[in-house]
Amino acid sequence: MLHLYSDSSPNGFKATIALEELSLPYQLHHVRIDEGEHRRSDFLALNPHGRIPVLKDCVCLTSCTMCASMRASTADQTFLR
Ligand SMILES: N[C@@H](CCC(=O)N[C@@H](CS)C(=O)NCC(=O)O)C(=O)O
């Protein structure tokens with residue numbers, strides 16, 4: 001199960017759209033930027049830059065590389081079937 005930490009924002013939507021389009025199962029953890037939750041220590045442990053989106057255990061620095069990684073991952077799965 002993938003864990004996405006995100007909020008309603010352009011970069012956040014990139015990640016949720018990619019997950020939905022690729023039919024990947026995930027759990028969404030809402031990080032409320034307006035309430036400063038992206039500056040809390042538990043979130044900074046996931047991303048020291050304090051930016052969403054974060055896909056836990058994915059070494060992706062931006063939402064674009066995150067989406068590319070998801071796509072590559074599903075392509076591999078399709079290839080293995
Ligand atoms: N290059 C990063 C940018 C991420 C980014 O700037 N996210 C914004 C929301 S769209 C954010 O977390 N802003 C909070 C802040 O800068 O304090 C990506 O594409 O993921």
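Definitions and limits used
Here the residue numbering is sequential within each chain, running from 1 through the sequence in written order. Residue-level local features of this predicted model are given only where pLDDT is at least 70; pairs of side-chain atoms are given and counted only at 80 or more, and the full residue set underlies all totals for whole chains, interfaces and linings. The way it works is that DSSP assigns letters per residue, a run of H or I at least four long becomes a helix, a run of E at least two long becomes a strand, and they are numbered from the N terminus. Each radius of gyration is computed over the set of C-alpha atoms, and the globule rule expresses the reference value as 2.2 Å times the number of residues to the power 0.38. The contact criterion used here is simple: two residues whose C-beta atoms, placed from the backbone, lie within 7 Å are in contact. Any residue whose C-beta has 12 or fewer other C-beta atoms within 10 Å is treated as exposed, any with 20 or more as buried, and any in between as partly exposed, C-beta atoms being built from the backbone. For each residue, a C-beta atom is positioned from the backbone; the residue is called near a molecule or strand if that atom sits within 6 Å of it. Gly is put with the polar residues, along with every residue not named as nonpolar or charged; the nonpolar set is Ala, Val, Leu, Ile, Met, Phe, Trp, Tyr, Cys and Pro, and the charged set is Asp, Glu, Lys and Arg. Paired strands are those between which DSSP finds at least two bridges. Lines are fitted to the C-alpha atoms to define the axes, a helix being fitted only along its stretch in contact, and any angle between axes, read from their N-to-C directions, falls within 0 to 180 degrees. When the strands point away from the viewer and the path from the first strand over the helix to the second turns clockwise, the crossover is right-handed. To count as a nonpolar core, a set of buried Ala, Val, Leu, Ile, Met, Phe, Trp, Tyr and Cys residues must be joined through C-beta atoms within 7 Å.

A. Just the overall build of the protein, in detail. The helix and strand tally for the protein stands at 3 helices and 3 strands. Counting from the amino terminus, the protein carries its helices and strands in the arrangement β-α-β-α-β-α. Since a compact globule built from 81 residues should have a radius of gyration of about 12 Å, the 13 Å found for the protein is in line with a globular shape. Taken along the three principal axes of its C-alpha coordinates, the protein extends 45 × 20 × 20 Å. Pairs at least 24 apart in sequence give 57% of the contacts found in the protein among residues at least 6 apart.

B. How the structure looks around the environment of Lys 56. Mapped onto the fold, Lys 56 is located in the loop between strand S3 (54-55) and helix H3 (63-80). For Lys 56, a count of 14 C-beta atoms within 10 Å gives the class partly exposed. Taking the C-alpha atoms as reference, Lys 56 lies 5.5 Å from His 3; in sequence the two are 53 residues apart.

C. A look at the site of the ligand. Near the ligand, the surroundings consist of Ser 9, Pro 10, Asn 11, Gly 12, Ile 33, His 38, Gly 50, Arg 51, Ile 52, Thr 62, Ser 63 and Cys 64. Per-element accounting of the shell around the ligand gives the leading share, 3 residues, to helix H1 (residues 10-21). Looking at the shell around the ligand, its residues break down into 4 nonpolar, 7 polar and 1 charged.

D. Region of the structure containing the pairing of strand S2 (residues 26-30). Strand direction decides the pairing type here: strand S1 (residues 2-6) and S2, joined by 5 bridges, are parallel. Paired with Leu 4 across the strands is Leu 28, a residue of S2.

E. Structural context of the sheet that holds S1. Strand order across the open sheet formed by 3 strands is S2-S1-S3, with mixed pairing between neighbours. At either margin of the open sheet sits one strand with a lone partner, and together these are S2 and S3. Across the face of the sheet, H1 comes into contact with S1, S2 and S3 while running at roughly 155 degrees to S1.

F. A look at the pairing of S1. Handedness of the crossover is the feature at issue here: the chain leaves S1, passes through H1, returns alongside S2, and the resulting connection is right-handed. As paired strands, S1 and S3 are joined by 2 bridges and run antiparallel to one another. Within S3, the position partnered with Leu 4 by the bridge is Leu 55.

G. Focus on the nonpolar core. Within the largest apolar cluster, 12 residues are counted, these being Leu 4, Tyr 5, Ala 15, Ala 18, Leu 19, Val 31, Ile 52, Val 54, Leu 55, Met 66, Cys 67 and Met 70. Put simply, the parts of the chain that give this core at least two residues each are S1, H1, S3 and H3. Those residues in contact with Leu 55 that sit more than four places away from it in its chain are Leu 2, Leu 4, Ala 15, Cys 60 and Met 66.

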